[in-house]
Amino acid sequence: MNPNPDSLSGPGIRKDFSFHFHPARSTNIIPSSKPLNMSHHYLMNHQTLIRDAEVFEFNYTPDTIKYRDQELRQLAAALSPALQGGSPINANLRGPPGTGKTTCVRRIFKELEETMTGVMTVIINCESVNTPFRVFTAIFRRLFGYQPCLSGIAIQRLTDPIAEELMKRKMVLIVCLDDAHYLTHNDQLDRIIRSLARMYENYPGVKIGIVTTICDYTLCPAMVHVRSAYSVWQPMEIPFSHYQRREVRTILQDRIRMGLYPGVVPSIVLGRIVALTVKEGDLRLGIDLLKHAAIIAETDARTVVTEGDVTKAYDLACDIRQTNLLRALKPNEERLLSHIAMMKRECPAVPLTTGALYHSFKASRKVPYSSFYFWLRRLYELRFIDLHQRTVRGNSREVELRIEPKAMYEMCIS
Ligand SMILES: Nc1ncnc2c1ncn2[C@@H]1O[C@H](COP(=O)(O)OP(=O)(O)OP(=O)(O)O)[C@@H](O)[C@H]1O
């Protein structure tokens, strides 16, 4: 909260500096006795439209998580045995990206830690912590407060001390594998869950709960990747769905209220941000657009965001996202993407089925269907393509590029 009452009435002027390097305020009188050091003025001395930048951070957890009451209750119920020192029920939060899965986990974990001394929670971002060894290293570090001075060792050399310490402290451990779909390659998720379960088998008093958040890709249900450990994991499934248009609007309105000064985002501009957010299906985009559009307006010395600012912010967000995602692709995945773009560019009106794509791709390079399918699924997970089931029978799907084929093709070959 900004304690300054003036700040509540409109775009804020930082009060700690009295002069503004700002075209709209060029009439400010600069005292002549002191030479002005302009280097101070770029960052510290300008008008800002942002009241609280924190609320636009991706890991910001709002006090009220709207429209997720049922999911929060389900997760709380699954983990509640930990309040009596018992083993929590495992839970799998499944749904499209940006639908609040991690936010709900953070919220319940915070409440658990604040309420109970005998519960330790750890959230592991599986996009960056993406091997079983790294996952157990992260758990070890959280528990002991320092990095294990071991590398290239059997995982059991980490799980044993973790289990012993939990027993000694009589502590329940709850691990969240956030975005666990990043661990589906080479049965990694299966191995992690098996190792956690084995801790319980080897040290019968140990109590561990596993929460996973998984992006909902109808092609790869979680149990496909947790084949051998599924019987010990058996999570409570908590589905998350896309927010409705009016829900997106309310959530973004709340962010505006907390993060920007009143009047900065007119209703019509918010409508455009909501439309783009609903189209992309990820709340993160809306939050990002609010922040960047405000910065663009601010840089342009305006106190109100325009639709043009939103378009610029959107183009920028798309460019950054695509560049980052392309960088994350492995060579074979990139080749397949470029092949799809080429086929779509050559015959834009012809629906491209997964079967036709496989035959065409296979003609240029020998590749087993399982690998092709894995790469295709990655492209789907990273949202380069959509896969639509057009017929009631059979597994064939229609492949659609989410980006204009010519632009995509050029990006791939550049
Ligand atoms: N109900 C909500 N109310 C307010 N903010 C929300 C809500 N749901 C999500 N958010 C915000 O949207 C952003 C994305 O949410 P979150 O990271 O929880 O999504 P996710 O489903 O875990 O996405 P992914 O699967 O891609 O990791 C966060 O900034 C979060 O604060």
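Procedures and definitions
Residues numbered from 1 in each chain as written. Predicted model: local features only at pLDDT ≥ 70, side-chain atom pairs only at ≥ 80, totals over all residues. Helix = DSSP H or I, 4+ residues; strand = E, 2+ residues; numbered from the N terminus. Buried ≥ 20, exposed ≤ 12 C-beta atoms within 10 Å, placed from the backbone. Contact = placed C-beta atoms within 7 Å. UniProt positions renumbered as here; feature names shortened; annotations may be inferred. Near = placed C-beta within 6 Å. Nonpolar A, V, L, I, M, F, W, Y, C, P; charged D, E, K, R; others polar. Domains from an automatic or database assignment. Core = buried A, V, L, I, M, F, W, Y, C linked by C-beta atoms within 7 Å. pLDDT = per-residue confidence, 0-100. Pairing = 2+ DSSP bridges. Axes fitted to C-alpha atoms, helices over the stretch in contact; angles between N-to-C directions.

Undergrad: I keep staring at the overall build of the chain and nothing clicks. Help me out?
TA: Helix and strand content of the chain: 16 helices and 10 strands. For the chain, the proportion of its 414 residues judged to be buried stands at 33%. Within the chain, counting contacts between residues at least 6 apart in sequence, those at least 24 apart form 71% of the total.

Undergrad: Just checking my understanding: could you explain the UniProt feature "binding site: ATP" (unreviewed entry) in the chain for this structure?
TA: Sites flagged by UniProt as "binding site: ATP" (unreviewed entry) map to Thr99, Gly100, Lys101, Thr102, Thr103, Tyr243 and Arg255. Here Lys101 is to be found in helix H3 (residues 101–115). Residues within four places of Lys101 in sequence aside, it is in contact with Leu93, Gly95, Thr213 and Phe240. Within the element layout of this structure, Thr103 appears in helix H3. Ignoring anything within four residues of it in the chain, the contact list for Thr103 reads Thr61 and Ile65.

Undergrad: Is there a simple way to think about the site of the ligand in this case?
TA: Not every one of the 21 residues close to the ligand is listed here, only the nearest: Pro97, Gly100, Lys101, Thr102 and Thr103. Going through the elements one at a time, H3, strand S6 (207–215) and helix H11 (283–299) are the ones with two or more residues in the shell around the ligand. A breakdown of the residues in the shell around the ligand according to their chemical character gives 10 nonpolar, 6 polar and 5 charged. Split by domain, the residues of the shell around the ligand number at least three in each of domain 1 (5–59 + 245–324) and domain 2 (69–239).

Undergrad: Please explain the nonpolar core as it appears in this structure.
TA: Generally speaking, soluble globular proteins have nonpolar side chains that are buried together. Of all hydrophobic cores here, the largest spans 45 residues; its most connected members are Ile174, Val175, Leu177 and Ile210. Leaving out residues up to four positions away in the same chain, Val175 has contacts with Val122, Ile124, Ile139, Leu196, Ile208 and Ile210. By size, the runner-up hydrophobic cluster in this structure holds 28 residues, among which are Val264, Val269, Ala297 and Tyr314.

Undergrad: Honestly, the confidence of the model for the chain in this entry has me stumped. Any pointers?
TA: Residues shown with low pLDDT carry predicted positions that ought not to be read at fine detail. For the chain, mean pLDDT is 82; residues scoring 70 or higher make up 81% of the total. Here residues 1–36 is modelled with pLDDT under 50, and outside its nearest four sequence neighbours on either side it reaches 40 contacts, counting other chains as well.

Undergrad: Teacher, can you tell me more about the sheet that holds strand S10 (residues 398–401) here?
TA: Across a sheet, strands are paired by hydrogen bonds formed along the backbone, either parallel or antiparallel in direction. Overall, antiparallel pairing links the 3 strands, which are arranged S8-S10-S9 in an open sheet. Both outer strands of the open sheet, strand S8 (352–353) and strand S9 (385–388), are each paired with one neighbouring strand and no more. Examined bridge by bridge, S9 and S10 share 4 bridges and lie antiparallel to one another. Each bridged residue has a counterpart across the sheet, and for Asp386 the counterpart in S10 is Glu400. Packed onto the sheet, helix H13 (residues 331–346) meets S8, S9 and S10 and runs at close to 90° relative to S10.

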